[in-house]
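What follows is the residue order along each chain.
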Amino acid sequence: QVQLVESGGGVVQAGNSLRLSCTVSARTLRNHFTGWFRQTAEKEREFVAAIFWGGLSTYYGNSVKGRFTASRDLATGTMFLQMDNLKPDDSGVYFCAAKAAGSGSIYSRTSWPSWGQGTQVTVSS
């Protein structure tokens, strides 16, 4: 059983930065991915970023490459999403999620069985 709690959302102006955190509680994460998805009322939940806890691999959605950076702290079991040069289109509810390696595509939301409650990010123009 994996439990995830997000924090760090808020309201920022376009061009500024924000860092999200996700505290992950699990017996082991060695063979797991944790990731970030975002959702708005107009769009389906879309893949933002993911990181593999058994190594240093990170993955990003096309719209955030070069602006967002995913990282994790093994000691505290925390995942971070550093979001730079934010745009109004980055607004939405950001969810962190967890899945075991080898259980479907990391880019598909249906592959992720464990989710946090979400944190709102609003980027004003």
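Residues numbered from 1 in each chain as written. Predicted model: local features only at pLDDT ≥ 70, side-chain atom pairs only at ≥ 80, totals over all residues. Heavy atoms only, no water.

K.L.:
Describe the packing of aromatic side chains, listing the residues and the values that go with them.
P.N.:
Aromatic ring pairs are reported here in terms of the distance separating the ring centres and the angle at which the planes meet. Scanning the entire structure with this criterion turns up 7 aromatic pairs. With 5.1 Å between their ring centres and 65° between their planes, Phe37 and Trp115 make a pair best called edge-to-face. Of this pair, Phe37 sits in strand S4 (residues 32-39) while Trp115 is found in strand S10 (residues 114-115), placing the two residues 78 residues apart along the sequence. The ring centre of Trp115 lies 4.7 Å from the NZ or CZ of Arg45, which sits over that ring. Here the guanidinium or amino end of Arg72 rests over the ring plane of Trp53, the centre of that ring lying 5.9 Å away. (Phe/Tyr/Trp six-rings, centres within 6.5 Å; stacked < 30°, edge-to-face > 60°. Helix = DSSP H or I, 4+ residues; strand = E, 2+ residues; numbered from the N terminus. Lys NZ or Arg CZ within 6 Å of the ring centre and 35° of its normal.)

K.L.:
Talk me through the side chain of Thr34; I want residue IDs and the actual numbers.
P.N.:
Among the structural elements, Thr34 can be located in strand S4. Look at Thr34 and you get buried, because its relative accessible area is 0%. Within the structure, Thr34 has its side chain in polar contact with the side chain of Trp53 (distance 2.5 Å). Discounting residues that sit within four places of it in the chain, Thr34 has contacts with Val24, Ala50, Ile51, Trp53, Met79, Ala97, Ala98 and Trp112. (Buried < 20%, exposed > 50% of the residue type's maximum accessible area, 1.4 Å probe, protein only. Polar contact = N/O pair within 3.5 Å; in protein donor to acceptor, adjacent residues only side chain to side chain. Contact = heavy atoms within 4.5 Å.)

K.L.:
Residues and numbers for the state of the cysteines, please.
P.N.:
What we call a disulfide is simply a covalent bond connecting the sulfur atoms of a pair of cysteines. Using the criterion set out here, one finds 1 disulfide in the structure. Through a disulfide, Cys22 is tied to Cys96; the S-S separation comes to 2.1 Å. Here the disulfide of Cys22 and Cys96 is right-handed, its torsion about the S-S bond being about 60°. With a gap of 74 residues between them, Cys22 in strand S3 (residues 18-25) and Cys96 in strand S9 (residues 92-100) connect regions that are remote in the sequence. (Disulfide = S-S within 2.5 Å.)

K.L.:
So what's going on with the pattern of salt bridges? Residues and values would help.
P.N.:
Note on pairing: side chains with opposite charge can pair once their charged atoms come close. A complete count under the given rule lists 4 salt bridges for this structure. The salt bridge involving Glu46 is made with Arg38; its shortest N-O contact spans 2.6 Å. Within this structure, Arg38, Glu46, Arg67 and Asp90 form a network of salt bridges that share partners. (Salt bridge = Lys/Arg side-chain N within 4 Å of Asp/Glu carboxyl O.)

K.L.:
So, unusual backbone geometry: which residues are in play, and what are the values?
P.N.:
Even without being a glycine, Asn85 presents a positive backbone phi close to 50°. Assignment of secondary structure puts Asn85 in the loop between strand S8 (78-83) and S9. Taking relative accessible area as the criterion, Asn85 reaches 43% and is therefore assigned partly exposed.

K.L.:
If you had to explain the nonpolar core to someone new, which residues and values would you point to?
P.N.:
One finds Trp36, Val48, Phe68, Leu81, Met83 and Tyr94 to be the most contacted residues of the largest nonpolar core, which totals 26 residues. Among the secondary structure elements, those contributing two or more residues to this core are S3, strand S5 (46-52), strand S7 (68-73), S8, S9 and strand S11 (119-124). Counting residues per element, this core draws most heavily on S3, at 4 residues. The residues touching Phe68, leaving out its near neighbours within four places in the chain, are Arg38, Val48, Tyr60, Leu81, Gln82, Met83, Asp84, Leu86, Asp90 and Tyr94. (Core = buried A, V, L, I, M, F, W, Y, C linked by side-chain atoms within 4.5 Å.)

Function cannot be read off these values alone, since they describe shape.
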